[in-house]
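Architecture at a glance
Here is how the chains run, residue by residue.
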Amino acid sequence: SGDPTYRAAKGPDFVSRLKGYVDVSGPNPKHGNVAHDRYSIIRRAILLRTLLQINAPQIMRRQQGINIPQIDSGVLRAFLEIPAYKHGARSMEALIATSTLATMDRFERSSLPSEAQLNLHVDGRQFLGLVQRLELTGELLEKLAEAAHEIYRSGQSGRALQVALLAYADLSDEVKEQNRQTVRDIPGKLAYAGYVMRPARSDEPSFDFPAGDREALAELEHERWVKARIAAGWRFGNVTDLERRTHAALLPWRALTLYERTHQYAPEEIAALGEDELPESEKQKNRDQIDGIPAILARAGYTLIKVRESDAS
């Protein structure tokens, strides 16, 4: 530097003695994408625990020799999964500082600041959507799995498919588990398309996916099903046969080049997959499933909101 003050302070001499530097990453994923920085969630967890211990020590509980923060699972999920903090670690600290924790021994959802205050440091609507996301377990999971099957049955009217004739209670354990897995996968599919769930108001209008999101989600659902079926020992066959575990719909959503096929599927999946593009009639079944998601969630009192553009766009 040509700055006389810098030279007078022996700045060049100081720099010449440095042997390295430390690049300290903040809570946001590098390049803005968690897929390229999978350790970002670990950094956030460490930072969050430290900030809570400093700013809200009363919510810490000693368990097996370790101080564990008492925090609602939805609040924890939002802190760890929100895509970005507008001002890095300072935003994380500000969210804790503006929460009403002074007289609390647990970080509850009711302690969070308003959406307007959240917006200063994160996307407030997205943060609250993560807080309120359904925990799909136990009785609720079973209820929604049954709803998923009933919606499937209603879409199969006129088709002589044995499974479509059965009530949920009469399904085999394997088919019931397929319905549970369909429901478990809903939050992940919604996140991929930029949606989160939130409690519905009594006057909430019915929700329909825009055409582009509907198609992207239908393709995602088919790919999930393909991988799950192959993992369970199924393979493509011109005729669907339950005993031989062959299925005529074990095909890629669209025609793929050899390069695309080898990059999208593992070798064992390629060996079990058919060559042709999935027929339009089968694609429509996946679209029908996506159309049924709002109805499934409505049974649990939830609706959907769009919080960001789709990862597929």
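What comes next is a walk through the structure. Predicted model, so just to flag it, every value in this text is computed and none were measured. Residue positions are given per chain, counting from 1 as you read along its sequence in written order. Only residues with pLDDT of 70 or above have their local features reported here, since the model is predicted, and side-chain atom pairs are shown and tallied only from 80 upward, although totals for entire chains, interfaces and linings are computed over all residues. Think of the side-chain values as coming from all heavy atoms in the structure, minus any hydrogens and water.

**Here we look at the overall build of the protein chain**
Quick note on the threshold: Helix and strand assignments follow DSSP, with helices taken as H or I runs no shorter than four residues and strands as E runs no shorter than two, numbered in order from the N terminus. Summary of the burial criterion: residues with accessible area below 20% of their type's maximum are buried, those above 50% are exposed, and those between are partly exposed, where the area comes from a 1.4 Å probe applied to protein chains only. Two residues qualify as a contact provided that any one of their heavy atoms is within 4.5 Å of a heavy atom in the partner residue. All accessibility values rest on the Shrake-Rupley procedure with a 1.4 Å probe; residue burial counts only the protein chains present in the view.
Summing up its helical and strand segments, the protein chain has 14 helices and 6 strands in all. Residue burial in the protein chain is summarised as follows: out of 313 residues, 38% are buried. The contacts in the protein chain between residues at least 6 apart in sequence include a share of 62% that link residues at least 24 apart. In the structure as shown, the protein chain presents an accessible area of about 18,000 Å², 53% of it carried by carbon and sulfur atoms.

**As for the environment of T103**
As for its position among the elements, T103 is in the loop between α5 (89-97) and α6 (115-118). Classification of T103 as exposed rests on a relative accessible area of 76%.

**Looking at the pattern of salt bridges**
When the charged atoms of two side chains lie near each other, side chains of opposite charge can form a pair. Put simply, the rule reads: What counts as a salt bridge is simple: a side-chain nitrogen of Lys or Arg found within 4 Å of a carboxyl oxygen of Asp or Glu.
On inspection of all chains with the given rule, the structure shows 21 salt bridges. Of the charged contacts in the structure, one is a salt bridge between R214 and D291, with a shortest N-O distance of 2.8 Å. In this pair, R214 is assigned in helix α11 (residues 211-231) and D291 in helix α14 (residues 280-298), connecting sequence segments 77 residues apart. In this structure R214 comes out as partly exposed when scored by relative accessible area, which is 22%.

**Here we look at the side chain of R261**
Relative to the elements of secondary structure, R261 occurs in helix α12 (residues 258-264). Owing to a relative accessible area of 5%, R261 belongs among the buried residues under this scheme. Not counting residues up to four positions away in its chain, the partners in contact with R261 are P252, L256, I270, L273, G274 and E275.

**As for unusual backbone geometry**
With a phi angle near 50 degrees, Q64 is a residue other than glycine that sits in the positive phi range. Summarising the element assignment, Q64 is placed in the loop between β1 (60-63) and β2 (66-69).

**Topic: the pairing of β2**
Applied cut-off: At least two bridges found by DSSP between two strands is the condition for calling them paired.
Two strands pair when backbone bridges link them, and β1 and β2 are joined in this way by 4 bridges, in the antiparallel orientation. Across the sheet, the residue bridging to Q63 is I66, located in β2. Counting the residues in the hairpin turn of β1 and β2 gives 2 residues, including Q64, whose phi is positive at 50 degrees.

**Digging into the environment of I151**
Take I151: it is sitting in helix α8 (residues 138-155). Through-space distance from the C-alpha of I151 to that of Q289 is 7.9 Å; in sequence the pair is 138 residues apart. Once residues within four sequence positions are removed from consideration, I151 is found in contact with G292, A295 and I296.

**Here's the deal with the packing of α11 against α14**
Selection rule: Lines fitted to C-alpha atoms define the axes, with helix axes restricted to the stretch in contact, and inter-axis angles between N-to-C directions lie between 0 and 180 degrees. Roughly parallel covers angles under 35 degrees, roughly antiparallel covers those over 145, roughly perpendicular covers 65 to 115, and oblique covers all other angles. Handedness of a crossing is defined here by the sense of rotation of the near helix relative to the far one, left-handed for an anticlockwise turn of less than a right angle and right-handed for a clockwise turn.
Packing of α11 against α14 brings their axes to within 8 Å, and their N-to-C directions diverge by 110 degrees. Regarding the angle of α11 to α14, the classification is roughly perpendicular. Handedness of the crossing formed by α11 with α14: right-handed. From α11, R214, E215, L217, A218, E221 and H222 reach across to α14, where they touch Q284, N286, R287, Q289, I290 and D291.

**Some words on the environment of N67**
Quick note on the threshold: Under this definition, polar contacts are N or O atom pairs within 3.5 Å; protein pairs additionally need one hydrogen-donor-capable and one acceptor-capable atom, and for neighbouring residues in sequence, both atoms have to be side-chain atoms.
Topologically, N67 is positioned in strand β2. Along the backbone, N67 and R49 are 18 residues apart, and their C-alpha atoms lie at a distance of 9.1 Å. When residues no more than four places from it in sequence are discounted, the contact partners of N67 are R49, Q53, M60, R61 and R62. Polar contacts involving the side chain of N67 include one to the side chain of R62, which spans 3.4 Å.

**So, α5**
Turning to α5, its buried residues number three or more, namely S91, M92, A94, L95 and I96. The inward-facing, buried residues of α5 abut α3 (40-55), α4 (73-81), α6 and α7 (124-131).

**Examining the nonpolar core**
Worth spelling out the cut-off: Among the buried residues, those of types Ala, Val, Leu, Ile, Met, Phe, Trp, Tyr and Cys that are joined through side-chain atoms within 4.5 Å form a nonpolar core.
Counting residues in each nonpolar core, the largest one holds 37 residues, and the members touching the most others are L190, F209, I293, L297 and L304. For this core, the secondary-structure elements that each account for two or more residues are α8, α10 (186-192), β3 (195-199), α11, α14 and β6 (302-306). Those residues in contact with I293 that sit more than four places away from it in its chain are I186, K189, L190, F209 and L304. L52, A56, I59 and L118 belong to the second largest nonpolar core, which has 23 residues in total.

**A few points about the pairing of β3**
Side-chain positions along a regular strand alternate between the two faces of the sheet. Across the 5 residues that make up β3, a large majority, 4, are buried. As defined by bridge partners, β3 adjoins β6 across 5 bridges and the pair is classed as antiparallel. Residue pairing across strands places Y195 opposite K306, the latter belonging to β6.

**Some thoughts on the packing of α3 against α4**
Relative orientation of the contacting elements α3 and α4 amounts to 125 degrees, with a least axis distance of 9 Å. The orientation of α3 relative to α4 falls into the category oblique. Our pair here, α3 against α4, has a crossing hand that is right-handed. Contacts between α3 and α4 involve I41, R44, A45 and L48 on the former and, on the latter, L76, F79, L80 and E81.

In short, shape yes, function no, at least from these values alone.
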